[in-house]
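Residue-level listing of the chains:
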Amino acid sequence: EKLNADCSAVIPDSCGTRDCRLQIYKIGDEMVFSGGLCPKGNTQGSSKRSPDYISLYKNELDKELSKYSSTARKTDQDETAGGPSAVYIPRSLHFLNERGVFFASLYHYLGFKVFVSPESDEYIASLGIAHSHSESCYPSKLHYGHTAYLKECMRHGTDKILLVNYLGSGEEKAPQNQSKTCPYVSGAGFAAKDALKIDSSDVLLPVLVFNDDIYKLEDDIIIDLKRAFAGTEYAKSLTGRKVATAVKKALKTQEDFNARMHRMGSEIVEKLKKKNEKIFLGIGRGYTIFDNMASSKIHELFIMNGLHFIPCFFLKQPDYDFTDIVRHMYWFQGREMTRYNLLAALDPNLYGVRETNFNCGPDAMLSYHEGRIFDITGKPYLTLQTDGHNSNAQFGTRAMANFEVVKNHIPQKITLKDLETEYRETDDLKKRILGIPDMGTESSEMLVAVFKSAGYRAEAMPSKTQESEAWARKYLITNNCLPMHILFGDVFAWVHSKQREGLDPNNDLAVFVP
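Attention in this report is confined to the structure presented alongside it. No experiment lies behind these values; they were computed from the predicted model shown.

Reading the values: the criteria
- Residues numbered from 1 in each chain as written.
- Predicted model: local features only at pLDDT ≥ 70, side-chain atom pairs only at ≥ 80, totals over all residues.
- Heavy atoms only, no water.
- Patch = residues over 30% accessible without salt bridge, like charges linked within 9 Å, V, L, I, M, F, W, Y side chains within 5 Å.
- Areas by Shrake-Rupley, 256 points an atom, 1.4 Å probe, with all protein chains shown as cover.
- Salt bridge = Lys/Arg side-chain N within 4 Å of Asp/Glu carboxyl O.
- Helix = DSSP H or I, 4+ residues; strand = E, 2+ residues; numbered from the N terminus.
- Phe/Tyr/Trp six-rings, centres within 6.5 Å; stacked < 30°, edge-to-face > 60°.
- Buried < 20%, exposed > 50% of the residue type's maximum accessible area, 1.4 Å probe, protein only.
- Lys NZ or Arg CZ within 6 Å of the ring centre and 35° of its normal.
- Pairing = 2+ DSSP bridges.
- Axes fitted to C-alpha atoms, helices over the stretch in contact; angles between N-to-C directions.
- Polar contact = N/O pair within 3.5 Å; in protein donor to acceptor, adjacent residues only side chain to side chain.
- Contact = heavy atoms within 4.5 Å.
- 1 Å grid on protein atoms, 1.4 Å probe; cavity = no way out; pocket = protein on both sides within 12 Å on 5 of 7 lines; lining within 4 Å.
- Points joined across faces, edges and corners; volume = space filled by probe spheres on them.
- Nonpolar A, V, L, I, M, F, W, Y, C, P; charged D, E, K, R; others polar.
- Expected span 1.5 Å × (residues − 1).
- Arc of directions from axis to C-beta.
- Core = buried A, V, L, I, M, F, W, Y, C linked by side-chain atoms within 4.5 Å.
- Parallel < 35°, antiparallel > 145°, perpendicular 65-115°, else oblique.
- Left-handed = near helix turned anticlockwise from the far one by under 90°.

On to a nonpolar patch on the surface. A grouping of Tyr 25, Ile 27 and Val 32 is seen on the molecular surface, where their side chains present a nonpolar patch of about 260 Å² in accessible area. As for its position among the elements, Tyr 25 is in strand β2 (residues 21–27).

And the structure:
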């Protein structure tokens, strides 16, 4: 028999420090306990605990949110009975990525009573797993869980759940001047609505691009509000000017909060630098770092050993131009994390701790760039992949082994110029054989014909051969998606087959990558 319980409920002399969530296996008359990271048994732990900077940030966030919202509870239906419509917001995904204050204050300024779901816990996580696709990353599953929880709190037909579809942000020097979010995030609102079978009239589904003069926030928000409240007095009274004013105020509210956090974080870091402390900079998405279920609370491993673990969101992103360091980075958060990685690489007191989750395709690609940056700087860099484990003990040895390396590390003087990659302009492509990867037989053959009609020597690559599978298994990691494995393997196999024919890949071949 297997049970789950908090330590304090089953252990008479529970320490009270952490109240770990335990798995209990009953075998006959005996009980076997598993899970948790017990401070009482941690002989390696430091007697001096460091401050909990994660909780400090989250407490400041909650104080700010309390000005515009309340925590959603299942008793809300009784308390709001007969009242006007309320807006319920999941505490998940980009809400925790420096957007929570914006969303809560925006709908407050638009005249709604706002409720935000509580922090992720076992119940919310179980709801998410029950309603989401198995291939979703864990933060996406938590988003489904928060949405399911709010569905239990709202008054159907009156209240609305805000399910944002966040496409990205306008940004100079990003490809096409716009950075993108991953597909799971860009369609998160529609996916959650359909998975939980929520009626369209019970949800707000704005499709948003921040900082973009073409796709203005107020335009999408008013369209969505008029859809959700069609035929009501609220929709009739809604004007573009009113929404634009609310958006402007909410952006300023979020900006002010961010600036305050950056000032607080800078003061903390400067004090630690004066003491010549090693500072571990938690780099990742807000919805991993600030969600205890998604992060497995790995920050506690550093705290209990007296190490200073500071979330990157406490520091303002440096304004680095990394065009020649990480080329064609179009992921919105990939660009954010690249800047923080560079900050950790160049600052002698900072050491990066990369928090990521299994099944994150963009992070699987970003990891190659991160590895190259820290290989060049010769600086220790720790990556921890979490997936909602109720114990973080498995990360303890890795964190402490990393610290042993950090203690003995002597920083080298590195500049951004040292991290730049060589870029070669391709000469006349018509002199080369152009390989077209598999995009479906008809599409690939059609593209080959198009290039040939324009005078290029193009050919379709063989796909999913034994050789291509071998190359993919050799060089890619399991977090890379299957299409990436197929593309990479096919390209490598094709290039090597041409080498065997006596061709030089650097001078005789070119690859078309869609």
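Our focus in this paragraph is the packing of aromatic side chains. A complete count under the given rule lists 28 aromatic pairs for this structure. A centroid spacing of 4.5 Å and a plane angle of 15 degrees characterise the contact between Tyr 57 and Phe 290, whose relative ring orientation is stacked. Pair noted here: Tyr 57 is in helix α2 (residues 53–65) and Phe 290 is in the loop between α12 (286–289) and α13 (292–295), with a separation of 233 residues, a long-range link. Accessibility classification places Tyr 57 together with Phe 290 in one group, the buried group. Each member of the aromatic cluster is reached from another via a ring pair, and the members are Tyr 57, Phe 257, Phe 290, Phe 313 and Phe 314. Above the ring of Tyr 109, the side-chain terminus of Lys 249 is found at 4.1 Å from the ring centroid. Positioned above the aromatic ring of Tyr 456 is the side chain of Lys 430, whose terminal nitrogen or guanidinium carbon lies 5.4 Å from the ring centre.

Bringing the sheet that holds strand β16 (residues 433–436) into the picture now. Read across the sheet, three strands follow the order β17-β16-β18 without closing on themselves; strand pairing throughout is parallel. Sheet topology places β17 (457–460) and β18 (509–511) at the edges, where each strand pairs with a single neighbour. Direction aside, neighbouring strands of the sheet carry axes that sit 30 degrees apart on average. Pairing between β16 and β18: three bridges, direction parallel. Within the sheet, the bridge partner assigned to Gly 435 lies in β18 and is Val 511.

Turning to the side chain of Ser 186, a few remarks are in order. Topologically, Ser 186 is positioned in helix α7 (residues 183–186). Note on Ser 186: relative accessible area 19%, which makes it buried. In terms of polar contacts, Ser 186 uses its side chain to reach the backbone carbonyl oxygen of Pro 183, at 3.3 Å. Setting aside chain neighbours within four positions, we find Ser 186 in contact with Asn 165, Tyr 166, Leu 167 and Thr 181.

Turning our attention to empty space enclosed by the protein. All chains considered together, the criterion is met by five cavities of 30 Å³ or more. Empty space within the largest cavity amounts to approximately 140 Å³. Along its surface, the largest cavity is lined by 13 residues, and Ser 92, His 94, Phe 95, His 143 and Val 164 are the ones closest to its centre. The residue makeup of the lining of the largest cavity, split by class, is ten nonpolar, three polar and no charged. For the second largest cavity, the calculated volume is near 70 Å³. In this structure, the second largest cavity is lined by Lys 58, Leu 61, Asp 62, Arg 91, Leu 96, Glu 119, Ser 120, Phe 290, Asp 291 and Asn 292. Element by element, the count of residues in the lining of the second largest cavity is highest for α2, at three residues.

What follows is about helix α9 (residues 217–228). The end-to-end C-alpha separation of α9 is 17 Å, in line with the 16 Å expected for twelve residues at 1.5 Å each. Looking at α9, one finds that the buried residues are Leu 217, Ile 221, Ile 222, Asp 224, Leu 225 and Ala 228. The buried side chains of α9 occupy one side of the element, clustering within an arc of 165 degrees when seen end-on. For α9, the secondary structure elements touched by its buried residues are α4 (100–109), β7 (160–162), β10 (203–204), β11 (207–210), α10 (233–237) and α11 (240–274).

Time to look at the nonpolar core. Counting 92 residues, the largest nonpolar core has Leu 106, Tyr 107, Leu 110, Ile 221, Leu 225, Phe 280 and Phe 302 as its most contacted members. Of the residues forming this core, the biggest block, nine residues, is contributed by α11. Excluding its chain neighbours within four sequence positions, the residues that come into contact with Phe 280 are Phe 302, Leu 307, His 308, Phe 309, Ile 310, Tyr 351, Val 353, Asn 402, Phe 403 and Val 406. Ranked by size, the runner-up nonpolar core spans 19 residues in total, among them Leu 127, Cys 153, Ile 161 and Leu 205.

Let us look at the packing of helix α6 (residues 138–153) against helix α8 (residues 188–195). When two helices pack together, their arrangement is given by the angle between their axes and by how far apart the axes lie. Across the interface, α6 lies against α8 with an axial gap of 10 Å and an inter-helix angle of 55 degrees. Judged by the inter-axis angle, α6 sits oblique to α8. Considering the relative orientation of α6 and α8, their crossing is right-handed. Each of His 143, Tyr 144 and Thr 147 in α6 lies in contact with α8, whose residues at this interface are Ala 188, Ala 191, Ala 192 and Ala 195. A breakdown of the residues in the contact of α6 with α8 according to their chemical character gives five nonpolar, two polar and no charged.

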